[in-house]
Amino acid sequence: MSNGTTVTFRALIERHAETVAAIAGQGPVEFVAQEPNASIHQFVSAVERAARALERDWCRDGIDLAAAARHLRAARDRHDHPGSQQKLLQLASARLDNYQLHHFVA
């Protein structure tokens, strides 16, 4: 998804919510079209929790997830700068792509 194509919060949530949830040990965030800002906020928080859980519970380096969380947080705050927001979403996507669901479920 980070190969130069347009990346959206919705696409990231739909693609990575289950993996983030498995890492954090919580239910996945769903994108709700009627409340996109709430969905985005919940996903950013879930990625932040997953980054902490990765190190604490999985004994794995959480640097990529922590970076993804920072990129997502910055992108969320740059809604009035579409170009900047898109670059941040692409960076977050590249970091999130480093985690696969099958690594975190039995």
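Look up a bit, the structure's there.
Computed from a prediction, not measured in an experiment: that's the story for all the values here.

Focus: helix α4 (residues 82–96)
Its 15 residues give α4 an end-to-end C-alpha distance of 21 Å, which sits within 8% of 21 Å, the value for a rise of 1.5 Å per residue. Among all positions in α4, only Gln-85, Gln-86, Leu-88, Leu-89, Gln-90, Ala-92, Ser-93 and Leu-96 are buried. Packing partners of the buried residues in α4 comprise α1 (9–24), α2 (36–56) and α3 (63–77).

Things to note about the pattern of salt bridges
Two side chains bearing opposite charge may form a pair once their charged atoms approach each other closely. A complete count under the given rule lists 6 salt bridges for this structure. Of the charged contacts in the structure, one is a salt bridge between Arg-15 and Asp-97, with a shortest N-O distance of 3.3 Å. Separated by 82 residues along the polypeptide, Arg-15 in helix α1 and Asp-97 in the segment after α4 bring together distant segments of the chain. Arg-15 gets classed as partly exposed once you look at its relative accessible area, which sits at 46%. With a shortest N-O distance of 2.7 Å, Arg-95 and Asp-64 are connected by a salt bridge. You can see Arg-95 sitting in helix α4 and its partner Asp-64 sitting in helix α3, a full 31 residues away along the chain.

Some thoughts on α2
Taking 1.5 Å of rise per residue, 21 residues should cover 30 Å, and α2 covers 30 Å from first to last C-alpha, within 8% of that figure. Those residues of α2 that sit buried are Ser-39, Ile-40, Phe-43, Val-44, Ser-45, Ala-46, Val-47, Ala-50, Ala-51, Ala-53 and Leu-54. The secondary structure elements touched by the buried residues of α2 are α1, α3 and α4.

As for the packing of α2 against α3
Where α2 meets α3, the closest approach of the two axes is 8 Å, and the angle between their N-to-C directions is 160°. In terms of axis orientation, α2 runs roughly antiparallel to α3. Pair α2 / α3 crosses with left-handed handedness. Judged by residue contacts, Ile-40, His-41, Phe-43, Val-44, Val-47, Glu-48, Ala-50, Ala-51, Leu-54 and Glu-55 of α2 engage Ile-63, Leu-65, Ala-66, Ala-68, Ala-69, Leu-72, Arg-73 and Arg-76 from α3. Counted by class, the contact of α2 with α3 contains 13 nonpolar, 1 polar and 4 charged residues.

Scoring rules and cut-offs
Residues numbered from 1 in each chain as written. Predicted model: local features only at pLDDT ≥ 70, side-chain atom pairs only at ≥ 80, totals over all residues. Heavy atoms only, no water. Helix = DSSP H or I, 4+ residues; strand = E, 2+ residues; numbered from the N terminus. Expected span 1.5 Å × (residues − 1). Buried < 20%, exposed > 50% of the residue type's maximum accessible area, 1.4 Å probe, protein only. Contact = heavy atoms within 4.5 Å. Salt bridge = Lys/Arg side-chain N within 4 Å of Asp/Glu carboxyl O. Axes fitted to C-alpha atoms, helices over the stretch in contact; angles between N-to-C directions. Parallel < 35°, antiparallel > 145°, perpendicular 65-115°, else oblique. Left-handed = near helix turned anticlockwise from the far one by under 90°. Nonpolar A, V, L, I, M, F, W, Y, C, P; charged D, E, K, R; others polar.

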